[in-house]
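# Descriptive structure summary
Here are the chains, one letter per residue:
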Amino acid sequence: MSQSATFTEPTALGHPDPSRISGGLSGRISGGTSGHRSGAGPGAEINLSMRAAVVGTGAISVEHLTFLSGRSRFVELPDRRVKPVAVCDLSPISARYAAETFDVDAHYTDLEQLLEFERPDVVHILTPPSTHVPLASLCLEAGAHVICEKPVAANIDELHALLDVAERCGRKITESHNYCFNPAIAELTQMLTDGTLGSLREVEIRIALPVTDPDGRFGDANLPHPIHSMPAGVIHDFTTHFASLLLHFTGNIRFPRVTAAWSNHSADPLFRYDNLDALMIGNGADGPVHGRFRFEAGAGPDTFTVRVYGSRGWAETDLFQPNTRVVMPRVGGSQLSPIANHVANGAGLIRNGMANLGRKVMQRTPYEGLHLFLDDTYRALATGDELPVTADDMRAVCSLIDQLLEEKTRL
Amino acid sequence: MGRAVVAEAQRRGHYTTVTTRPTSSRTRNGVDDGAPNERTVGSTAEIDLRSHDGLAESLAGVDTVIHLAATKEGDFHSQFAGTVVGTENLLSAMTTAGVRNLVAISTFSVYDYMSIGAGHIVDERSPIDRNPALRDEYARTKLVQEQLYRDFSDAGNQVVILRPGMIYGPNNLWHALLGSDVGSRFLRVGANATLPLTYVANCAEAIVLASELISQPDSNLAGETINVVDDNLPTQDRYATEVAARIDTPPTVTVPWPVMNAVASSIKAVNRHLLGGRAKFPGLFVPDRLHARFKPLRYTNARAKRLLNWSPRFTLIEAIDASVEAEELARASTTGGGNS
């Protein structure tokens, strides 16, 4: 049973509307840090009746519950427009602890009971990937919308089946493409949409994390992490980030030429792969677009860089330590532009160094994009507008991941 | 700790079933705290408490469980899984297997040090931290674990909770109650506070004694909570001097407790009033954590002595010497004595 509430649309918050337009970025940004909201404009009243439940109380649940309980520091909620009504985990103490920590009234160890007694409007599925499809289907069948952590499905066939369930039930399902919503990504996107970098030529995304560390959560041989059962093994935890970010910049274009080198350089039998080097070449509206994914377990420090190359220049950021570096024609022509780029980027490095110190002290994590994604998703669910991550987006991401894993594309 | 308890239990003639994680080994840290008594027979099982698999089966025929496992490294969720979910699974398996006796190992970290005045005695009646949001992951997860122990006790089982102080011994002589690494230096906080120490072998004996008593029908120990610290506890300065005389210790800078406390309190005030309490600082600058490690307090083991009929066998000097000797033996076996 739903509760009703009314609130007034707040002042727009600063991040882009990430909805994609096939073939490019046009219309996706309304200006730097003053992006617009889809649907009802400022001042419009929206009826909301959102009762949310969370399934799975692992680390990422903290971000979801922080948002749902109105404690997010990344989105300013005018009111408690979403109410977390229950959490669920197979471990009773985990469910109880999460409920107590975030003032949630009910906790369960049985999802079917939760769905029957709490009747949530939205369920956040934050469990291991192999459980996503059955749990999401259960929630959709029970009449709840689903917000699912990535990857929502192991392959495109599973995803199609799940989307069919959603359509049959008249409910919506979306997948967290959280990094697409980070302000640093919005900044790069803006430089492409306003022509600063020219037309898009290449996107290079690099993640370096010590996933094979035996003391880390992926390297623990005592109780292997569930992600190891996915087709790309531990790298499957990151493939959605790679693909969603690439497609965020390119639009949902096809990549007819794909090659991927999947390796296990550690030779640790726990790991299927610990290294990925992938190249994709597609045809965008303005010509060929290259995509490059690198996942590296053996190189430090922790890195998540995204670099976009345009016909006029390139820009790069690190999502773990945001600092946007831009190389492009500047005042002074071709002779002085290199020096002007050094000066501008040096000043930016100092400025962002201080800002990142502040971010660290104030515990601003790279998950701010997740809060913004959730905020947009709830607004879309309330207004009936298109979700910020649509079924088509999910299909495109999942298809690209499948493509990378096909035998014929392997190097 | 596990190796010391097994050694002590076998020394006292008990049959031990030891569960360890698959990747653990008796010599993982290069130090063996004591060889098992060959006259006793024990069994081992490779189990990870974070999973139910094989857990209840491993408890078949067991009278009493001594639960030592905890996760002290990693982020909050890693420690929660290892310490709290692991305990939940163990208690569930004990219920399934019909094992009703539990020696539950907690910690001094559960006390609410902010509400205990400097110079006061910390004993079993001291308040535990009811609002541990500012404490470290270890304290927060051990507090939840203690609640699970109490729930298990309330369900009609025989549970004794032991709270050891800082357990020292081989590979843990220069420890967190002295200070923290800051770059290439070691920052010692305070000099004259009493350290709530217990030598690993002394603590192991207390644990095994508790297991013997809790195994008795209608044990008087059921429902008790007992602090475990040694006799004649040293000050920070004395302990550091004795250890430094025997092993290499890092270059040290000492900050007096009042200075460090004032700095941390000031930062907390600024955080609360100017930053909305949202800023996160290293543990030394968080009073709730600083007090738990360095506040000058007094400690007692009177209850442990009375209820367990226990008296620490090893003095401070004997314990440090034995620890150093064990470390040297381990080093020798790894560098030259490979076929010993």
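The structure under discussion appears in the preceding block.
These remarks concern the structure in this document. Model, not experiment: these values are computed from the prediction.

### Some details on the overall build of chain A
- Counting its regular elements, chain A contains 10 helices and 15 strands.
- In chain A, buried positions account for 56% of the 411 residues.
- If you take every contact in chain A between residues at least 6 apart in sequence, the share linking residues at least 24 apart comes to 68%.
- As displayed, chain A offers around 17,000 Å² of accessible surface, 52% of which is attributable to carbon and sulfur atoms.

### Observations concerning the nonpolar core
- Among the nonpolar cores identified, the biggest contains 115 residues, and I173 and F293 of chain A are the most heavily contacted of them.
- Take this core: its biggest share by element is eight residues, from helix α10 (residues 391-405) of chain A.
- When residues of this core are assigned to domains, at least three fall in each of domain 1 (50-175) and domain 2 (180-369 + 399-409) of chain A.
- Counting residues in hydrophobic clusters, the runner-up holds 41 residues, among them V160, V200, A201 and A304 of chain B.

### Quick word on the pairing of strand β3 (residues 50-55) of chain A
Residue and element names in this part refer to chain A.
- In terms of burial, β3 is largely enclosed, as six of its six residues are buried.
- The alternating pattern of β3 places M50, A52 and V54 on one face and R51, A53 and V55 on the opposite face, and all of these are buried.
- Bridge count between β3 and strand β4 (residues 82-88): six bridges; the pairing is parallel. Note that in β4 the partner of A52 across the bridge is P84.
- Pairing between β3 and strand β6 (residues 122-125): four bridges, direction parallel. By the bridge assignment for β6, V54 is matched with H124.

### Brief notes about unusual backbone geometry
- Of note, the bond from K150 of chain A into P151 of chain A is cis; its omega dihedral lies within 30 degrees of zero at -15°.
- Summarising the element assignment, P151 of chain A is placed in the loop between β7 (145-148) and α5 (156-169).
- Cis geometry is adopted by the peptide bond preceding P301 of chain A, which originates at G300 of chain A and carries an omega value of -10°.
- If you trace the backbone, P301 of chain A turns up in the loop between β12 (287-296) and β13 (303-310).
- Even without being a glycine, N309 of chain B presents a positive backbone phi close to 55°.
- For N309 of chain B, the position within the fold is in the loop between α9 (302-308) and α10 (316-335).

### What to know about the interface of chain B and chain A
- Across the boundary between the two partners, chain B contributes 23 residues, which contact 20 residues of chain A.
- Summed over both sides, the interface of chain B with chain A buries roughly 1,800 Å², with 58% coming from carbon and sulfur.
- Area buried by chain B at its contact with chain A is led by H77, E88 and R278 of chain B, which between them contribute 33% of it.
- Where chain B touches chain A, the interface holds two salt bridges.
- The closest approach of N and O atoms between D220 of chain A and R50 of chain B, which form a salt bridge, is 2.5 Å.
- Taken together, the connections running from chain B to chain A amount to six residue pairs in polar contact (both at pLDDT 80 or more).

### Examining the sheet that holds β3 of chain A
Residue and element names in this part refer to chain A.
- Read from one edge to the other, the open sheet built from six strands follows the order β5-β4-β3-β6-β7-β8, with strand pairing classed as parallel. Each having just a single partner strand, β5 (106-108) and β8 (173-175) make up the two edges of the open sheet. Going across the sheet, the axis of each strand differs from the next one's by a mean of 25°, ignoring polarity.
- Pairing analysis gives three bridges linking β4 to β5, with the strands arranged parallel. Opposite V87, over in β5, you have H107 as the bridge partner.

Rules of the game
Residues numbered from 1 in each chain as written. Chains lettered and ligands numbered in written order. Predicted model: local features only at pLDDT ≥ 70, side-chain atom pairs only at ≥ 80, totals over all residues. Heavy atoms only, no water. Helix = DSSP H or I, 4+ residues; strand = E, 2+ residues; numbered from the N terminus. Buried < 20%, exposed > 50% of the residue type's maximum accessible area, 1.4 Å probe, protein only. Contact = heavy atoms within 4.5 Å. Areas by Shrake-Rupley, 256 points an atom, 1.4 Å probe, with all protein chains shown as cover. Core = buried A, V, L, I, M, F, W, Y, C linked by side-chain atoms within 4.5 Å. Domains from an automatic or database assignment. Pairing = 2+ DSSP bridges. Buried area = accessible area lost by both parts, 1.4 Å probe. Salt bridge = Lys/Arg side-chain N within 4 Å of Asp/Glu carboxyl O. Polar contact = N/O pair within 3.5 Å; in protein donor to acceptor, adjacent residues only side chain to side chain. Axes fitted to C-alpha atoms, helices over the stretch in contact; angles between N-to-C directions.

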